[in-house]
Amino acid sequence: MAVMKLSGVYPILATPFRTDRAVDEGDLGRLIEFIVAAGADGIVFPGVASEFETLDGDERTHLVNRVAHGVAARVPLVIGVSARNAADAGAYAQQARALDAAAVMAVAPSSLATEKSAICDYYAAIADVGVPVILQNAPAPAGCALSADDVVDLVRTIDGIHYVKEETLPCGQRITQILAAQLPRLVGVFGGAGGRYITDELARGACGTMPACELADLHARQFALHRAGDAHGVRTLYYRMLPLLNFQAVFRMAMTKEVLRMRGVIESIGVRAAGPQMDTGDRIELVTLLNDIADLLPAGRGRPLSTSP
């Protein structure tokens, strides 16, 4: 199996939904172009931030094909194959292989949290397809919150797992523990959790980050500073972004899509996944936070358009 060296910023592509809950494929295409133009190192779809659990099987298969066509191999594509069971996850991995995905990423469903053998079978079914696997370790309700020792055991046991995305708190400590195991097949560990702990993750040896996509250009700039050895620059930019990252932790997909709308990237901001929605006060605060970093945003993607949905 050829394993591509993945590193840097891999935003999770949001799924734009219209008010009728249908996917806005025009917006999806515009969002892909935004992420590629932002200088991201790759794209991930579908992930938790894509609301993958709200997509039915046919819809998901179609959208993965649509995204692969839109990315057109300009950057590496990581295809999310998380599912409620091993058979479905394996089938999604087969599609990813047919599309020449650079890797597949999967979080074990929380229903398996107490069944270590079933978790092992789940990842084995995915790895058997022959595409490099990124083991996503996420807290409930999205995942099982595996211990660092459990993650290490899975990487040791299953040949096809070559990356980990670690976002169970404390992320930094877990990254240190996983890398300290010196697993021969492990190529790297990505951070997640919306980029809120990236300075610690990078200091501990993370190979990249997989944040939400509304600030993809700033995440890419941040990682460019990291590659240049400018730790002070990384931290300074992090301080500027942190209020928005914290806001996103509360409102998740709703905030991501609202920011993308305000930045003129998409129009459809419907959310299928459960979670808090923003009221008028929240939108006013979000406009203020975006205006606070308007000097960092590229021309034409700066000042928010309005607070209206």
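Only a predicted model underlies this, so the values are computations on that prediction, with no experimental measurement involved.

## Notes on the environment of Met1
- Summarising the element assignment, Met1 is placed in the segment before β1 (8–9).
- A C-alpha to C-alpha distance of 6.5 Å links Met1 and Gly130, two positions 129 residues apart in sequence.

## Brief notes about the side chain of Ser82
- Looking at where Ser82 falls in the secondary structure, it is placed in the loop between β3 (77–80) and α3 (86–98).
- Within the structure, Ser82 has its side chain in polar contact with the backbone nitrogen of Val107 (distance 2.8 Å).
- Apart from residues lying up to four places away in sequence, Ser82 is in contact with Phe52, Arg60, Tyr92, Met105, Ala106, Val107 and Tyr122.

## Here's the deal with the packing of helix α5 (residues 148–157) against helix α6 (residues 171–180)
- In the contact formed by α5 and α6, the axes pass within 9 Å of each other and the chain directions differ by 35°. Taken as a pair, α5 and α6 cross one another with a handedness that is right-handed. Two secondary-structure elements touch here, α5 through Ala148, Val151 and Val152 and α6 through Arg174, Gln177 and Ile178.
- Split into classes, the residues belonging to the contact of α5 with α6 amount to four nonpolar, one polar and one charged.

Criteria and thresholds
All residue numbers refer to position in the chain's written sequence, counted from 1. A pLDDT threshold of at least 70 governs which residues receive local features in this predicted model, and a stricter bar of 80 or more applies before side-chain atom pairs are shown or counted, although totals over entire chains, interfaces and linings include all residues. Note that the side-chain values use all heavy atoms of the structure and ignore hydrogens as well as water. The secondary structure listing takes helices from DSSP runs of H or I that are at least 4 residues long and strands from runs of E that are at least 2 residues long, numbered from the N terminus. Distance and chemistry together define a polar contact, namely a pair of N or O atoms within 3.5 Å, with one atom able to donate a hydrogen and the other to accept it when in protein, and with adjacent residues in sequence counting only for side-chain atoms on both sides. Here, two residues are considered to be in contact whenever any of their heavy atoms come within 4.5 Å of each other. Here an axis means a line fitted to C-alpha atoms, over the contact stretch when the element is a helix, while the angle between two N-to-C directions is reported on a 0 to 180 degree scale. With the far helix as reference, a near helix turned anticlockwise by less than a right angle produces a left-handed crossing, and one turned clockwise produces a right-handed crossing. Side-chain classes follow a simple rule in which Ala, Val, Leu, Ile, Met, Phe, Trp, Tyr, Cys and Pro form the nonpolar group, Asp, Glu, Lys and Arg form the charged group, and the remainder, Gly included, forms the polar group.

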